[in-house]
Structure formats: structure tokens, C-alpha cells
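# A structural walkthrough
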2 protein chains.
Amino acid sequence: MNEAHKEKLNELRSYIKELEYLNQAMGLIFWDMRVGIPKKAIEPRSEVIGYLSSESYKLETSDKVKEFIDYFEGVEGLDDVSKSMVENMKKNYEKTKKIPADRHREYTILASKSEVAWEDAKDKSDFEMFKPYLEKVVDFKEEFINYWGYEKNKYDTLLDFYEPSITVEKLDNIFGELRDAIVELLGKIKESKIKPRDDFFKKDFSKESQEEFGKFVVEKLGYDFDAGRIDESVHPFTINFGNKDVRITTKYLTNEFRSALFSTIHEGGHAIYEQDIPDELEGTGLGNGVSMGIHESQSRFYENIIGRSKEFWRYFYPEAQRRFPQFEGVSFEDFYRGINTVEPSLIRTEADELTYSLHVIIRYEIEKALINGKIQVGDLPGVWNEKYKEYLGVEPSSDAEGVLQDMHWSDGSFGYFPSYALGNIYGAQFLNKMKNDMPNMYEEIEKGNFKEIHNWLKENIHKHGAVYKPAELIKMVTGEELTAKYFIEYLNKKYTEIYEL
Amino acid sequence: MNEAHKEKLNELRSYIKELEYLNQAMGLIFWDMRVGIPKKAIEPRSEVIGYLSSESYKLETSDKVKEFIDYFEGVEGLDDVSKSMVENMKKNYEKTKKIPADRHREYTILASKSEVAWEDAKDKSDFEMFKPYLEKVVDFKEEFINYWGYEKNKYDTLLDFYEPSITVEKLDNIFGELRDAIVELLGKIKESKIKPRDDFFKKDFSKESQEEFGKFVVEKLGYDFDAGRIDESVHPFTINFGNKDVRITTKYLTNEFRSALFSTIHEGGHAIYEQDIPDELEGTGLGNGVSMGIHESQSRFYENIIGRSKEFWRYFYPEAQRRFPQFEGVSFEDFYRGINTVEPSLIRTEADELTYSLHVIIRYEIEKALINGKIQVGDLPGVWNEKYKEYLGVEPSSDAEGVLQDMHWSDGSFGYFPSYALGNIYGAQFLNKMKNDMPNMYEEIEKGNFKEIHNWLKENIHKHGAVYKPAELIKMVTGEELTAKYFIEYLNKKYTEIYEL
């Protein structure tokens, strides 16, 4: 590559850096709005966000960007990072530019109204209140898909926002196989004589003691408090402003031990990913987790595969017993079963490790049908309830605990849900490779040594940031295409043992 | 005023609003850097600040601003707010534009190095380490004063940044009179037989109990927690992002009751000022306190005039005794004297109400001489120590507790110090008028009713934001030019009684 190209690459990185600065400022405002902002400032602060995001939009869609794209169109011999950086910029530019500005503006206004309508409708458990908004949102999405274009399936275009390289064709296979396997396993569990206890989790646990224990655990796992902090918020989340400031939030329930702890470990998994992003990716637009699905694979890996494993608690349970007299007299076996209780339920965010993916697959099937015109918005409550009955054997008694439970559709985030189940699938496939590379990994967990696991994830996944597409990454790391096989094996093995099937 | 003018005014306000948005984003980052940022993020976050402030600089100095200035040059009949808005924009534009960009850049770099050098020098208590930096800073200031121009005194140009309309001529009179009066009063106090106790303030006070009491007090005074919050930081400060989010910080000492409490009340005074700024001033650049001096008048009014008054503690002392068993058996008289102890000392930030102004006047006299070439940087430690001996009767045993104690000179903030003493003078002049308007004000304080006082400050001072210059404001409110008379009267009366002179 010649000097002129190198210089242009540096120029591009400086340009992208400005975008990153704006995003970091917006990120901090966003965090503050959820963690500490005084009530009266919420509305005026939204204006600041509005201003900064319009500045960011200008940078992303400027003629300067077009010039960069044109310049690099014919340039050969770029390294992986530079190639991906240029591609990523081009993709964002085109996705944005293809939507007429006035339609984008109208959609933004609609989306914020629709969110409010969803909240109201959920409060009153009345889907009809939300329906007219959701219909408009879906119409917009269809219009946008036409601008963006699609190859085999309209829904692919939406999936691409959250999980580049994933398609309906792939998901139908993978999710179909997983759904059938879980439904079958669930059937057996329902027949099992084992009924795990969980009364001891529902005693009184002070917020402070939970907070301390949560911090103790995630620090052990590798979360760096010099590059992050934990606060409280209504909904737990992870947010980062660069790789040196990755913040977690948790919500504490004083009458339920598991909630905050596993949510802290989950967010900790997201956060460790972002903390591990190398400095060299600054100013490339690739200095973050590559996709929602890979991100969820990291959070769920720490939360479930590690955090709900027997070996993990062999190490942590004595410490938990020392800190929490509530566990006095509770056997290790009872504790372990208690954190792995399977119980088909109505609410996705409260689901256990096994049934969780079914909640997601239901949403996937519905979204795909909706976007392809196979069902209409008016059909949603009915279809929803049928699928819950069929796959999980439960039926919502109201829209609030059914079709209205998640906010994702209200602002048009169709295509997002699959990431949650993809995370499980990626995670188990990584686990399989990890076990091959480190046959003693569970022994290390039992000793409280999480360094090698962390290092494996860092070297194989985290350090690449968003340089490789998820499909490339899983192939690079495991040598195989994405498959549900390992997750199914993992579930069968784990729950067969727990429920003595 | 015709329609075209009105439209242009609206256009200008939208333009200024963008600047305000940027400033609010920077403000939040600044707050976070002092309150919660993880260690490793400090350096990268400075880059975000750097980016945003260069964007803000561009907006302030753009050709667009020049156009606005030219447009309004000949326009008659503007209301007070619009007139002041245009003037303020013009002033900022010219102040910035008159400095060549490369000299400004070099100065910024020097200032940040000089700050570091000051910190080192202070740690090692060695003025010689700091001297070469300070010499360069002073050279720059002299060069800049030449760009900006001056009329009677070079130092006036610097004063104007912090206290528009204040001059050396005025300060020499006012500060001279005040200095002599305090020195005289202090002499008498030194001879007094009254030696207030303060041992009961130095017991163990938990951070939590101090925090709760501080919140209780400032809320009573009128601080609105729906438009603000209190956190902890190394140095207490108040910062606002608009009038709906005005945050305070405090530092808690567990072995000193007075420190956090009075600093919370002090910051509360600043904060109430900013919370009272009317919404209508949004987008004018005038939606904030008018000057450092007027700001200090509000904080010191609440901290000292109200917060260290007998009547205030008639109301709050029973509550303090209820909360703090440490005050068991401490008489009201002892408590009241204890919070008003006079003790000449070396460190400005720890000085009592009476001697505080002397610390400031010493700095004023030194800065004035330095900027006008009457003394050189090398003379500073000597001149400093002489003046401390002369006015306060104490002598620093090291540079750290003498000339190196404050950071203000390291980044060239000459002209800032006088505001601290001006605050006391403005405050007492306001008090005099307030007592005329509300003869029963102290009775109301004793009843715990602070609403009318707050309302008086709001109506007379706060609601004007930065529309009127300090000299205009004091005249408008009190009918008189600024005078030290009322502050001297106030001090004499209060301390004559306390020390039975």
C-alpha cells in the first residue's frame, strides 16, 4: 500500500474518531438519564441528545464520507482492520442515505409516540390501544425494506442490523432444531420427580450485601473496576464509552437472591467483552462487540454456562454461605438445583436457561411472518397465545403478560430478538472448543481460577472487536459453521443430570 | 421592532442554543470526571472534552456570529434581554478572536503543563520548581492584555472576565476600606477574653448522618432535589446543565462537623441561584449567574449571613441535637460561638468568615502589582509572607502553606480571586436592603421559614440571570453603588457581640 493510501487511512480514522467522541458524550448522557438524573431534567436533556445525534448523523452522511468510500473503492491490499473499517462505514452510510430524510424524521416521531402508547397499553393490558401505532411502525418498516432492498427474505434485511450474515434460511434450521429439542426435554422435565426447592432464595437479602457479593463475583471473573463501575437502575444494562469505561447497572430485589446476582454476572459478561477491546481499534468504528448475538454469547456464557455450573458454586458457595446466613443448612445440591430450576413461564425476562430460547423463537417466528405479510398486526395476540401454549404449555391471561410484555416492537426493533437465542447457541459452540483447548477448564473454575477462560475469550473473540462478521468469527474460532448441536448437547446433559431423567 | 429583526433574533437564539447543548454535554462529562469516572477513563475522556470544546470554539467564533453582530449593530429598540444577549455574544467573539489562534493553542498547552508543575511544586513545597512556568504564564497574560487592550489599568482587563464593570480604581477603595476595618476588628478579637470551644465538633460524625443532615438543611433553604442532586468529590463544587439540573458536591470529614455542612450550604446557595434562572433565558447565553462575585454573594449569603446566624441555629440546633448525640450537653451559646470562631490562619479555604476577605485582598494586591510589573514572579514568596504577617499576623513556614496553596495562578486565572471577597460585600449590601424590605426576616429564620428570603433573592437577583452587569444589578436592587460599608457594619456588629468587645 502506498503512502497516499496510508495517509488517507489516517485521515479516515481521525474522522471516525470524531464520531466516536460524539457517541461517547451521548452514551454518558444516556447512562446518567438512567442512573442519576434529577426528574425535571429528563425532558431538557433529551434535547441535548437530539442535538448531538443530529451532529452525529451529519458526520455519518456527509459528502466527506462519500469521498472516503469512493477513494477506497479500488484500493487493493488493505489489512483486515482497514478493509472492515471501510466496509462498515460504507454500510452505515448507505443504510442511512437510502431513507429519504423526511421519512426518517416522520418515523422517529412515530417511534417515540409508539413507545409511549405501548407503555400505556401495557399498563392497561389492552393491545387495541397499541395496535394502530404498531401498524404504522410495521408499514414504515416495510417501506424502509423496499428502500434498503432484500434478496431472499424481507426479514433478512432487518436481521442484518443486529446480526450481520444471519438469514432466515439459517435461522429456520437452527431455531427449528433447537425448539424441537427444548420442547422434548421440557416434556421430560415436567414428568420428573425432582422438584427443586427455592424458598431459601426468597428470604430477606439486604441491597448492600447483594451489591458487595455481586462486585466480589464479577471482579473474580475478570471485570476491571478501574475501567468501570456498578450502579443501580430500573432495568439492568451495560454501556461503554470506549474500552476504558464500561459501566454496569443492576436492579436489586431484597426478597430474591438470584435476580441481581445473575443479572450482574450477565452484564459483567457484556462488560468484560468491551473492556477487552484493544486500543488499536480506536478510531475505526470497530472498537466494540461485533453483534448483538455475539454479545449475548458472552453475557450468557458467564451467566449460565459458567455462573450456573456446579464447579462455579463449588468455589463460591462457601463464600456465599459465609456472607448470607439465609443459606444455613441449605445443602449444596439444593442450592445448585435452585439456581437451575426449570419452570415454563409467561415472561421472557424471567425465564430460566432452558425455556428462555423458546420465548425468543416464538418472537422470531411471529416477526418473520409479520414482516412477510403472512399475518397482520391484529393477529398478534392470538398467534402469540397459541405458540405459548404449544411450545411452553402456558397461556397468558392478559395482553400485558403476553404480546405486550416487551418494548422492542414499539420502536420497530424487529430482528433484534433472535440475538438472545443466538447468544446461547454461539456460547455453547465456543464452550465446546474451549473444552478441547483447555480440558481442565472446569477444574480451574472449581479452584476459582477464571483467568484462563477469560484469556481464551479475549484472544479468540474479544480482541477482534467488530473486525470480523459473526459468521466469519464462529468459523475462525471453532472451525465450524454455526450449529445448534452443541447447545442442545449441553442442555440435555445438564438437565438430564439435574432432573435425573 | 420589525418582523425581520424578530426572526433574526429567533435565529440567533437557536444558534446560541446549540452552544448551550454542547456546554451541557461538556458539563456532564466534567461532573462525571470528578464524581464517578473509573481511573483508566480519565485520560481518554479528556479527548472527548477536547473535541467538544473545539466544536464550541468553532461556534463561538464562526462567520455566522460576525454576521449576527453586524446585523444587530444598527438595530434600535431591542428589549433588555436581547440587547444583553447580542452584547454578550459580541464580547465573547472579540475576546476570542483578538488572540491569534496559534498563540492561544500554545497558551493552552503551557497552562496544562503549568498546572502539573504547580501540583508537583506544592507537593514538594518548592516555589522554584513552579517559577519558570508561572513566568511564562504571566508573559502570556501580558501579551494577551495587549491584544485585548485596556484603559486605565492592565489588571482591569483581567477583572472583566470574572466581574464585568469592576475596576482597580473601585477595588482599591472598597478593598482598602475593608482591609483596614478587618485588621482593626481582628486586633480587638485577639485581645478578647472569649475563647470559643470547638472540641465537640471534632468528635466522630458518620458520613451518612452528615449527608442526611446536609440534605435536610439545604432542602429547607429552597434547594430543589427534583432539579439537582448531591454527591461526594475531593473538592466541593456546584455545576449546572441548564436550570433543571444543578448538582452539588461535598466532601465529608468524619472528624469535623462544620466542614461538610457549611460547604453544602455554600454550594446550595450557588445552586439555588442557578435553579431560579427563568426558562425564558434559555438560548440567550444569559441563563446563568451573572458573575463570579454575584455568585459568591449568594453562596456566602446562605453559608454565613444566614447559615452562621443565631436565628438559623435557634431553629436547627434542636434538630442537630436530636440527630447528633455528640452535642449532648453543649449549650446553644457554645455551639453558636463554635461555628463563628475567629482564628487567623494560613490557608484561605479554611479561613473563618472574618479573616477570609484578608486572604483574598492579599492576593488582589499581589496580582495587581504583578500584572502591572511592579513586582516580579520571583518576588512572590517574599511579598506573600510579608503581607500575611502584616494583615493576619501569621507567617507561612513553607511555600506549600504560603504562595503555592491555590491553583488559580497556575492556569493564569488572574482576576478571579477578588470575586470571593466581592461576594461578601455584595451579600451584606443585599442583606441591608432585604432587612428594609422584610423587617421580620430574622424572626422568620428562627421559625424555619426561608421561603420569603428565597423569594426576595429570586425576584431581585436570580430571575435576571446574566442580563444586567453586576454594577447595574447592585444599583437596581439596592439603589446604591457597591460599598463595603454594610459588610463592615455587619462584621463589627456580629463579632463585637460574639467576642464581647
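Note that the structure is a prediction, hence the values are computed from the model and not measured. (Residues numbered from 1 in each chain as written. Chains lettered and ligands numbered in written order. Predicted model: local features only at pLDDT ≥ 70, side-chain atom pairs only at ≥ 80, totals over all residues. Heavy atoms only, no water.)

The next thing to look at is the relation of the copies chain B and chain A. Overlaying chain B with chain A gives an RMSD of 0.1 Å, the required rotation being 180° about an axis along which the chain moves by 0.1 Å. The superposition operator between the copies reduces to a two-fold rotation axis. Residues of chain B ranked by C-alpha distance from the rotation axis are headed by Ala25 of chain B, positioned 3.3 Å from it. A share of 100% of the interface residues of chain B reappears at the interface of chain A, consistent with the copies meeting face to face through the same patch. (Least-squares fit on C-alpha atoms with pLDDT ≥ 70 in both. Contact = heavy atoms within 4.5 Å.)

Once that is clear, we can look at the environment of Lys8 of chain B. All names here are of chain B. In this fold, Lys8 is placed in helix α1 (residues 3-35). Classification of Lys8 by relative accessible area gives buried; the value is 17%. Note: C-alpha distance between Lys8 and Tyr155 (147 residues apart in sequence) is 36 Å. Filtering out sequence-adjacent residues up to four positions away, Lys8 remains in contact with Phe68, Tyr71 and Phe72. (Helix = DSSP H or I, 4+ residues; strand = E, 2+ residues; numbered from the N terminus. Buried < 20%, exposed > 50% of the residue type's maximum accessible area, 1.4 Å probe, protein only.)

With that out of the way, let us pick up the domain arrangement of chain A. Residue and element names in this part refer to chain A. According to the domain assignment, chain A contains domain 1 (3-162) and domain 2 (164-403 + 418-501). The C-alpha centroid of domain 2 is placed 27 Å from the C-alpha centroid of domain 1. Buried surface at the junction of domain 1 and domain 2, summed over both partners, amounts to about 3400 Å²; 63% is from carbon and sulfur atoms. It is Trp31, Phe127 and Tyr155 that lose the most area in domain 1 upon contact with domain 2, and together they represent 21% of the buried surface on that side. Joining domain 1 to domain 2, the criterion identifies two salt bridges. When the shortest N-O distance is used, the salt bridge between Lys152 and Glu169 registers 2.9 Å. Put simply, domain 1 and domain 2 have 17 residue pairs in polar contact (both at pLDDT 80 or more) between them. For the side of domain 1 that touches domain 2, the secondary structure elements donating two or more residues are α1 (3-35), α4 (80-97), α6 (127-148) and α7 (154-162). (Domains from an automatic or database assignment. Buried area = accessible area lost by both parts, 1.4 Å probe. Salt bridge = Lys/Arg side-chain N within 4 Å of Asp/Glu carboxyl O. Polar contact = N/O pair within 3.5 Å; in protein donor to acceptor, adjacent residues only side chain to side chain.)

A few words now on unusual backbone geometry. Residue and element names in this part refer to chain B. You will see that Ser165, though not glycine, has its phi angle at about 85°, which is positive. Of note, Ser165 is situated in the loop between α7 (154-162) and α8 (168-191). When its relative accessible area of 23% is taken as the criterion, Ser165 is described as partly exposed. At Glu500, a residue that is not glycine, the phi angle is positive and equals roughly 45°. Here Glu500 shows up in the segment after α20 (485-498).

Listed as interface residues are 35 residues of chain B and, on the opposing side, 35 residues of chain A. Both sides of the chain B and chain A interface together cover about 2800 Å² of buried area, and 58% of this is carbon and sulfur. Applying the counting criterion to the chain B and chain A interface returns 14 residue pairs in polar contact (both at pLDDT 80 or more). Within the residue set of the side of chain B that touches chain A, elements represented by two or more residues are α1 and α2 (42-60) of chain B. Partitioned by chemical class, the residues of the side of chain B that touches chain A number 18 nonpolar, three polar and 14 charged. (Nonpolar A, V, L, I, M, F, W, Y, C, P; charged D, E, K, R; others polar.)

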